[in-house]
Amino acid sequence: MWPRPQSLQNDYTMTGRNAHCPCGSGRKHKKCCLREKEAGPQEAGDLRYMLAGFAIKTTPHEDLEAAWRDFRDTDEPLETFLAKPDERMVPFLDWLTKGRRFAGRTILERFENEIADGLSDEDRLELEKIKATRYGVFEVVGTRPGEGLSVVDIFSGERQEVRDISASRGASAWDVITAWIAPGTDRFEFWGHARMFRPQDKDDIRAELKAAYERERSVEPSLSWQAFLNAATPLLDRLPTRLL
């Protein structure tokens, strides 16, 4: 098994039980990723660290630096950030592995091609869940405080029931949320952190993304809408938001 990247490992091990979880969920560490860590190395979540380790160990340094600049639009060297990571670490790694494309494919696709044969049955199931995770823009149409949300994809109109305690307490009807969404046991789950926009921002977000997609397709005609959205985290994160 690939070890956790040292900086990511430190980000978690140096976080107190009652502090906010480094994954950006908004929950306390003890009620979020710490439970996975304390459950043992075979519990859910380990494959996510394996994937992050694979990304950092096998991606050329110059490609990682370029990805970091795209993600943050900053001159801060990646090494400086990795030496003292903060809440940006997990969102960056999620986007790096599932959204950013290198030579036409994501690190997740390369990971599956090179590593999947050696995974346990449990890890294979987790890999399928990660592959099914997608980035989206959702309008809140209902809240269940302490349980989750009902959301509608603002592009497809598809309705999803989402289990997320933190989001259920921080979001209101008609808020717009951008997030990775993953299939759960009985409903969907937000993966990592989510960002909230005001209801009146929905039309501007839709127009911004559609225009950006057309620009990208003029360069890469075969680019799918979902592949574009998965890579759109930096664009959306630069818009005025409030973090869930």
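Our subject in this report is the structure included herewith. Predicted, not measured: the structure shown is a model, and the values here were computed from it.

1. Description of the pattern of salt bridges
(1) Moving on: Using the criterion set out here, one finds 18 salt bridges in the structure.
(2) Moving on: Among the ionic pairs, R100 bridges to D70, the shortest N-O distance being 2.8 Å. Here the residue R100 occupies a position in the loop between α6 (89–98) and β1 (101–102), and D70 occupies one in helix α4 (residues 61–72), the gap between them amounting to 30 residues.
(3) Moving on: Residue R100 is classed as buried on the basis of its relative accessible area of 16%.

2. Quick notes on unusual backbone geometry
(1) Moving on: Here the phi dihedral of A103 falls at roughly 55°; this positive angle occurs in a residue that is not glycine.
(2) Moving on: Locating A103 in the fold gives a position in the loop between β1 and β2 (105–106).
(3) Moving on: A103 gets classed as exposed once you look at its relative accessible area, which sits at 87%.

3. With respect to the pairing of strand β7 (residues 188–197)
(1) Moving on: A large share of β7 lies buried, amounting to 9 of its 10 residues.
(2) Moving on: With 2 bridges joining them, strand β5 (residues 159–163) and β7 adopt parallel strand pairing. By the bridge assignment for β7, V162 is matched with F188.
(3) Moving on: As judged from the 8 bridges shared by strand β6 (residues 176–183) and β7, these two strands associate in the antiparallel manner. Bridge assignment links A179 to a residue of β7, and that residue is A194.
(4) Moving on: Hairpin connection of β6 to β7: 4 residues between the antiparallel strands.

Scoring rules and cut-offs
Residues numbered from 1 in each chain as written. Predicted model: local features only at pLDDT ≥ 70, side-chain atom pairs only at ≥ 80, totals over all residues. Heavy atoms only, no water. Salt bridge = Lys/Arg side-chain N within 4 Å of Asp/Glu carboxyl O. Helix = DSSP H or I, 4+ residues; strand = E, 2+ residues; numbered from the N terminus. Buried < 20%, exposed > 50% of the residue type's maximum accessible area, 1.4 Å probe, protein only. Pairing = 2+ DSSP bridges.

Remember, this is a structural readout, not a statement about activity or role.
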